There are 2 protein chains.
Amino acid sequence: MTKLNPILHQELRLSIISFLVNAEWVDFMKLIEVTQASKGNLSVQISKLQEAGYIEVKKSFKGNYPHTECRVTDAGKNEFENYLIQLKQLLNLE
Amino acid sequence: MTKLNPILHQELRLSIISFLVNAEWVDFMKLIEVTQASKGNLSVQISKLQEAGYIEVKKSFKGNYPHTECRVTDAGKNEFENYLIQLKQLLNLE
DNA sequence: ATAAACTAGTTTATAATATAAACCACATAA
DNA sequence: TTATGTGGTTTATATTATAAACTAGTTTAT
């Protein structure tokens, strides 16, 4: 059996990665916008993806406000591709 | 945002439904074989799919042994189709 | 200047979930 | 007749997901 990557097989994390693979640096509030998640939830899931090494997180200030940006890593891209392959297999897609 | 059906967005339940949509009545031990799940886990997830109305469960005896068979319901098929659509959208597939 | 409201997050308490281990009722074999 | 196997179910535990509460500051209005 396939055994889907459990870090990726979660809706919010999947939404995040899925968006990031087609983008460059994306900031926290943009991710809030596209995922419609709560800030707390987003914060936690970003940390998990970062700990897994799937995304890179850059913190700075934009004007006077804190500013967090994320970008998918090569490892993240690979795992995501892999996840897609296994998921398609499980679902008999393609 | 899409909000994936949480009953379906779980690996084992997804494996079960995904197999059942291309089959008729399938028995417990066959599902163990195709999913490689433990009996306990399979039992629980079958119950959840049944409670959700996504599968129908028929219990009988085969020889002297208990025998459990499952079949996807129309509702189950619909929800599964829906899940696929939303998932593809989330993942930018097709 | 001070309070009120807002920005951009993080931490943490709680509930929900997933999973395997332990169990059950019975059957068959030794 | 006891030991092993079948086909499950129940339940204890750990893990996870999530929103509420909080932090640390900023801007605006008074």
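You'll find the structure just up there.
On a predicted model such as this, the values are computed, not experimentally measured, just so you know.

S.K.: What is the right way to read the interface of chain A and chain B from this model?
M.R.: Quite often, the size of an interface is put as the accessible area lost when its parts meet. Every contact between the two is made by 23 residues of chain A and, on the other side, 23 residues of chain B. With both sides pooled, the region where chain A packs onto chain B buries about 1,800 Å², and carbon together with sulfur makes up 61% of that total. If you look at where chain A meets chain B, you find two salt bridges. Between E11(A) and K3(B) there is a salt bridge, with its nearest N and O atoms 3.8 Å apart. Joining chain A to chain B, the criterion identifies six residue pairs in polar contact (both at pLDDT 80 or more). Among the secondary structure elements, those contributing two or more residues to the side of chain A that touches chain B are α1 (11-20), α2 (28-35) and α4 (74-90) of chain A. The dominant element in the side of chain A that touches chain B, judged by the number of residues it contributes, is α4(A), at six residues. Of the residues contributing to the side of chain A that touches chain B, the split by class is eleven nonpolar, nine polar and three charged.

S.K.: Honestly, unusual backbone geometry in this entry has me stumped. Any pointers?
M.R.: What is expected of a backbone is that most residues other than glycine have negative phi and most peptide bonds are trans. Residue and element names in this part refer to chain B. The backbone of Q36 shows a phi angle near 65°, a positive value even though the residue is not glycine. According to the relative accessible area criterion, Q36 is exposed, its value standing at 59%. Backbone geometry at N92 places phi at a positive 55°, although glycine is not the residue there. Along the chain, the position of N92 falls in the segment after α4 (74-90). Under the relative-accessibility criterion, N92 is labelled partly exposed at 48%.

S.K.: Whenever I open this one, the protein's contact with DNA strand D confuses me. Can you help?
M.R.: By nearness alone, 20 residues border DNA strand D, and Q10(A), R13(A), S43(B), K59(B) and T68(B) come closest of all. Each atom of DNA strand D within 4 Å of the protein was assigned to sugar, phosphate or base; sugar and phosphate come to 65%. With respect to DNA strand D, the side chain of K59(B) contributes an N or O atom lying 2.5 Å from a phosphate oxygen. The separation between a phosphate oxygen of DNA strand D and a polar side-chain atom of T68(B) is 2.4 Å. Put simply, the parts of the chain that give the surface near DNA strand D at least two residues each are α3 (39-51) of chain A together with α3 (39-51) and β3 (65-72) of chain B. When residues of the surface near DNA strand D are assigned to their parent elements, the largest contribution, five residues, is made by α3(A). Per-class residue counts for the surface near DNA strand D are six nonpolar, ten polar and four charged.

S.K.: Would you explain the protein's contact with DNA strand C in this entry?
M.R.: Contacts to DNA strand C come from 21 residues, most closely from S43(A), K59(A), T68(A), Q10(B) and N64(B). For DNA strand C, the fraction of atoms within 4 Å of the protein that belong to sugar or phosphate moieties is 63%. Note that a phosphate oxygen of DNA strand C is positioned 2.4 Å from one of the side-chain N or O atoms of K59(A). T68(A) has a polar side-chain atom sitting 2.3 Å from a phosphate oxygen of DNA strand C. At the level of secondary structure, the elements contributing two or more residues to the surface near DNA strand C comprise α2, α3 and β3 (65-72) of chain A together with α3 of chain B. It is α3(B) that contributes the most residues to the surface near DNA strand C, five residues altogether.

S.K.: Could you clarify how one ought to interpret the relation of the copies chain A and chain B in this entry?
M.R.: Least-squares fitting of chain A to chain B yields an RMSD of 0.0 Å, with the superposition described by an axial translation of 0.0 Å and a rotation of 180°. Those values place the two copies in the arrangement expected of a two-fold rotation axis. Take the interface residues of chain A: 100% of them recur as interface residues in chain B, which is what a same-surface contact looks like.

The rules behind these values
Residues numbered from 1 in each chain as written. Chains lettered and ligands numbered in written order. Predicted model: local features only at pLDDT ≥ 70, side-chain atom pairs only at ≥ 80, totals over all residues. Heavy atoms only, no water. Contact = heavy atoms within 4.5 Å. Buried area = accessible area lost by both parts, 1.4 Å probe. Salt bridge = Lys/Arg side-chain N within 4 Å of Asp/Glu carboxyl O. Polar contact = N/O pair within 3.5 Å; in protein donor to acceptor, adjacent residues only side chain to side chain. Helix = DSSP H or I, 4+ residues; strand = E, 2+ residues; numbered from the N terminus. Nonpolar A, V, L, I, M, F, W, Y, C, P; charged D, E, K, R; others polar. Buried < 20%, exposed > 50% of the residue type's maximum accessible area, 1.4 Å probe, protein only. Near = heavy atom within 4 Å. Least-squares fit on C-alpha atoms with pLDDT ≥ 70 in both.

Take it as geometry only, folks, not as evidence of what the structure does.
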